[in-house]
Amino acid sequence: MSGPPNAQGGGTDRTWTVLELLQWTTDHFAAKGLESPRLDAELLLAHALGLRRLDLYLRYEDLVGAAERARYRELIGQRAGERMPVSLLLGEKEFWSLRFRVTPDVLTPRPESETLVEAALARLPDAEREYTILDLGTGSGALALALAHEKPRARVTATDLSGAALEVARGNAEALDLAQGVRFIEGSLFEPVAGEQFDLIVSNPPYLAQSRASALPPELAHEPAEALFGGEDGLAILRPLFAQAREHLAPGGWLIVEVDPDQAKAGMDWAVASGLGEAAAIKDLSGQSRAVVARRGMERA
Ligand code: GLN
């Protein structure tokens, strides 16, 4: 019979191989409407077995014991039933090839946000210079730590409104051996860096519209609302961020802000209105406008 991996109700306690479990779970996840059923199944089974995902391929015919199956079954229920994101079930997520611990206190880093890291690095060409970098609303620390990793001489400041998020970010900095180059400060928008200027400001602020919350994937309910939603229209943080960025940029400094694709035009307009130049949209790998970039002129006024 094609019972679930616990074989409950099947009467007989049949055995399951790695491959059979993956196939069963992939079908189950697909039927529940998950977007990447096979990948999720592989990640969760590897986690339950204490293996890396790719190691599963060498073990397709191995039998999986009852205790491991029980652990796996629990993960399947949380994923398909409660729609917990895989990152939270695993407690980690890879970003810029670095491993980040994630908890319900932080937004899980998204692959499309790597676009901002790439765009930032392209604008910090001097290997010797001690660039000053601000990551506003760092969450898990993803942007700040990816940049600190690539730019060991940079002085990076990471802020967040949430002290709990900053704890996670600090832990990630230590685990990645990057704590030395990064300063963490709690506070709203630019308040923690009053009077300071930076060569680069990056931010992935909350920009989703609360008014559209019901149309969003159920997984988002497991992430902190204050990291996702920018008020009813999604612009409540973006607007002051663009308005206040200029005074915190050093002459010639760059601002790079993640946005929803349909907010890119407004972001560029606000950047220009605040006195920044070279405003442009940056596309992610799927061709969507994912960030707005702008630059402060070289004049010192
Ligand atoms: N890109 C995220 C999502 O759509 C939202 C991140 C954010 O609000 N900064 O899930």
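What counts as what
- Along each chain, the written sequence defines residue order, and numbers are assigned to residues from 1.
- Totals for whole chains, interfaces and linings use every residue, but because this is a predicted model, local features are given only for residues with pLDDT of at least 70 and side-chain atom pairs only at 80 or more, for both listing and counting.
- Derived side-chain values reflect all non-hydrogen atoms in the structure, with water molecules and hydrogen atoms excluded from consideration.
- Going along the chain from the N terminus, every DSSP run of H or I of four or more residues is numbered as a helix, and every run of E of two or more is numbered as a strand.
- The buried label applies to any residue whose accessible area, calculated with a 1.4 Å probe on protein chains only, is under 20% of its type's maximum; exposed applies above 50%, and partly exposed to all values in between.
- Throughout, a residue-residue contact means that at least one pair of heavy atoms, one from each residue, lies within 4.5 Å.
- Here the open area of atoms and residues is found with the Shrake-Rupley method and a 1.4 Å probe, where only the protein chains shown may cover a residue.
- Strands pair, by our definition, only if DSSP identifies at least two bridges between them.
- Residue types Ala, Val, Leu, Ile, Met, Phe, Trp, Tyr and Cys, when buried and joined through side-chain atoms within 4.5 Å, form a set referred to as a nonpolar core.
- Under this scheme, a helix contributes an axis fitted over its contacting stretch, all axes are lines through C-alpha atoms, and angles between N-to-C directions fall in the 0 to 180 degree range.
- In this text, near means that some heavy atom of the residue lies within 4 Å of the molecule or strand in question.
- What qualifies as a polar contact is a pair of N or O atoms within 3.5 Å, subject to a donor-acceptor requirement within protein and to the restriction that residues adjacent in sequence count only when both atoms come from side chains.
- Any residue outside Ala, Val, Leu, Ile, Met, Phe, Trp, Tyr, Cys, Pro, Asp, Glu, Lys and Arg is labelled polar, Gly included; the first ten of those are nonpolar and the last four are charged.
- Think of a salt bridge as a Lys or Arg side-chain nitrogen and an Asp or Glu carboxyl oxygen that are within 4 Å of each other.

1. With respect to the overall build of the protein chain
In step 1: From N to C terminus, the protein chain includes 10 helices and nine strands.
In step 2: For the protein chain, buried positions account for 50% of its 301 residues.
In step 3: Across the protein chain, every contact between residues at least 6 apart in sequence was considered, and the portion connecting residues at least 24 apart equals 64%.
In step 4: Here the protein chain has roughly 14300 Å² of accessible surface; of this, 50% comes from carbon and sulfur atoms.

2. A few points about the pairing of strand 2 (residues 98-101)
In step 1: Of the two faces of strand 2, only the one carrying Leu98 and Phe100 is buried; Arg99 and Arg101 on the other face are not.
In step 2: Two strands pair when backbone bridges link them, and strand 1 (residues 92-95) and strand 2 are joined in this way by four bridges, in the antiparallel orientation. Residue pairing across strands places phenylalanine 95 opposite leucine 98, the latter belonging to strand 2.
In step 3: Between strand 1 and strand 2, which pair antiparallel and follow one another directly, the connecting turn spans two residues, one of which, tryptophan 96, has a positive phi of 50 degrees.

3. A closer look at the nonpolar core
In step 1: Within the largest apolar cluster, 36 residues are counted, with the highest numbers of intra-cluster contacts made by Phe95, Val117, Ile133, Leu147, Leu200 and Ile256.
In step 2: For this core, the element with the most residues is helix 6 (residues 142-150), which contributes seven residues.
In step 3: For leucine 147, the contacting residues outside a window of four places in its chain are Val117, Ala120, Leu121, Ile133, Leu200 and Val202.

4. Here we look at the sheet that holds strand 3 (residues 132-136)
One key point about sheets: their strands pair by backbone hydrogen bonds, in either a parallel or an antiparallel sense.
In step 1: Overall, mixed pairing links the seven strands, which are arranged 5-4-3-6-7-9-8 in an open sheet. Looking at strand neighbours, the two that pair on one side only are strand 5 (182-186) and strand 8 (277-283), the edges of this open sheet. Between one strand axis and the next, the sheet turns through 15 degrees on average, direction left out of account.
In step 2: Judged from the five bridges that link them, strand 3 and strand 4 (residues 155-160) form a sheet pairing that is parallel. Pairing of threonine 132 across the sheet is with arginine 155, part of strand 4.
In step 3: Of the strands in this sheet, strand 4 and strand 5 are in contact with helix 7 (residues 163-175), which crosses strand 5 at around 170 degrees.
In step 4: The sheet contacts of helix 10 (residues 264-273) involve strand 8 and strand 9 (289-295), and relative to strand 8 the element is tilted by about 160 degrees.

5. Structural notes on the site of the ligand
In step 1: Near the ligand you find Arg110, Glu112, Asn204, Pro205, Pro206, Tyr207, Leu208, Leu220, Ala227, Leu228 and Glu258, and these make up its full shell.
In step 2: Within the contact set of the ligand, a nitrogen atom lies 2.7 Å away from a backbone nitrogen or oxygen of proline 205.
In step 3: Within the complex, the protein chains bury 88% of what would otherwise be the 300 Å² of accessible surface of the ligand.
In step 4: Here the residues of the shell around the ligand sort into seven nonpolar, one polar and three charged.

6. Remarks on the pattern of salt bridges
In step 1: Counted according to the given criterion, the structure contains 22 salt bridges.
In step 2: Between arginine 79 and aspartate 40 there is a salt bridge, with its nearest N and O atoms 2.9 Å apart. On the criterion of sequence distance, the pair formed by arginine 79 in helix 3 (residues 66-80) and aspartate 40 in helix 2 (residues 37-49) is long-range, its members being 39 residues apart.
In step 3: With a shortest N-O distance of 3.2 Å, aspartate 284 and arginine 290 are connected by a salt bridge. Of the two residues examined, aspartate 284 and arginine 290, each falls in the buried class.
In step 4: In the salt-bridge network here, residues are joined through shared partners; they are Asp40, Arg79, Arg83 and Glu219.

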